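If you want the building blocks of each chain, they are given just below.
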Amino acid sequence: MAVPEQDKQPDNEVAGPEREVGELVGKLTAPGELEPAERRRLLGRLARALSEGAKKARATGAGRGRWLADVFLNIAPRIPIRDLHTLSEHHHGLTGEQLADDLVRTAQKATMTVGAIGGALAAAEFAAPPLLLSAPAQLVAETIVVAAIEVKLLAELHEVYGVRVEGSGTQRAVAFTAAWARQRGIDPLTPTSVSLALGAATKTALRNRLLRTLGRHLTTLGPFLTGAIAGGALNRIATKKLGEAVRNDLRVKLPRGAETPQVDPPRRDALDP
């Protein structure tokens, strides 16, 4: 079958890897448990897809930080965010602070698992010097997935505390990503918080946050099992710290006299446009 003419254009060469990155991150951050072997397989595929994108970025002169930020902004709308009703259903009927506690624990477990797998992969590369050049792609994949899990946590904590973020799916995705870069909750009383989310300062903050996360994962480049232990522990601590900071912000932003919201009737409200 002939290849459509538009698929032959140079501008479409990265469409495949970018689309695959989004799909893989969506699978790795979807609700529910993944078997370790499946998670490892998906992380391996993600590393290969990111490696292809990195090669094209280097060819165009894009720096690693800018490329990482662009990749994450492209996949942010694909991160599956649940509304309050669905969250309660998925967490055994919990509501309020108990639901927030469970969300943070689940996110900690998820980033710890990714860190342990990524750290183990990096340790294996460390033990085999000829393959060391492939390790950064694996750590970049880990960085992207951990960031996505934490953005998902941040967005769903806003659901739990009843702090509504208006806008289209993409606008909300960018707003939550910007909040993750600052490690803070979104102020619903600031109407420009969503519209200004793609400003230069936000892009710089996102780039710096992703590079800081990547730098943390570089510490997992150790022999034997030290990478797995370090990767899991560092991710767990960082995710817990984020959860605490965002929850403190959102409690303050609740209307005076309001209690933590209970479950509302089901509604269609996700990040997907």
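In this report, the structure presented in the accompanying data block is examined. (Residues numbered from 1 in each chain as written. Predicted model: local features only at pLDDT ≥ 70, side-chain atom pairs only at ≥ 80, totals over all residues. Heavy atoms only, no water.)

This next bit is on the pattern of salt bridges. This structure, assessed with the given rule, holds 12 salt bridges. Two residues, Arg 172 and Glu 159, come together in a salt bridge whose shortest N-O distance is 4.0 Å. Highlighted residues: Arg 172 in helix H7 (residues 169-182) and Glu 159 in helix H6 (residues 135-160), separated in sequence by 13 residues. You'll find Arg 172 and Glu 159 in the same group, each marked buried. Each of the salt bridges in this network shares a partner with another, and the network as a whole consists of Glu 97, Asp 101, Arg 247 and Arg 251. (Salt bridge = Lys/Arg side-chain N within 4 Å of Asp/Glu carboxyl O. Helix = DSSP H or I, 4+ residues; strand = E, 2+ residues; numbered from the N terminus. Buried < 20%, exposed > 50% of the residue type's maximum accessible area, 1.4 Å probe, protein only.)

With that settled, consider the environment of Glu 244. In this structure, Glu 244 sits in helix H10 (residues 226-253). Considering only alpha carbons, one finds Glu 244 and Ala 100, 144 residues apart in sequence, at a separation of 9.9 Å.

The biggest cluster of nonpolar side chains holds 63 residues, and the ones touching the most others in it are Leu 46, Leu 50, Phe 72 and Ile 144. When residues in this core are grouped by element, the largest group, 16 residues, is from H6. Those residues in contact with Ile 144 that sit more than four places away from it in its chain are Val 25, Leu 50, Leu 68, Val 71, Phe 72 and Ile 75. (Core = buried A, V, L, I, M, F, W, Y, C linked by side-chain atoms within 4.5 Å. Contact = heavy atoms within 4.5 Å.)

Of note, His 92 is a non-glycine position whose phi angle comes to about 60°, a positive value. Mapped onto the fold, His 92 is located in the loop between helix H4 (84-90) and helix H5 (96-126).

This part is about the packing of aromatic side chains. In total, this model carries one aromatic pair according to the counting rule given. Residues Phe 72 and Trp 180 carry aromatic rings whose centres are separated by 6.0 Å and whose planes lie at 25° to one another, so their mutual orientation is stacked. With a gap of 108 residues between them, Phe 72 in helix H3 (residues 64-75) and Trp 180 in helix H7 connect regions that are remote in the sequence. Each member of the pair Phe 72 and Trp 180 is classed as buried. (Phe/Tyr/Trp six-rings, centres within 6.5 Å; stacked < 30°, edge-to-face > 60°.)

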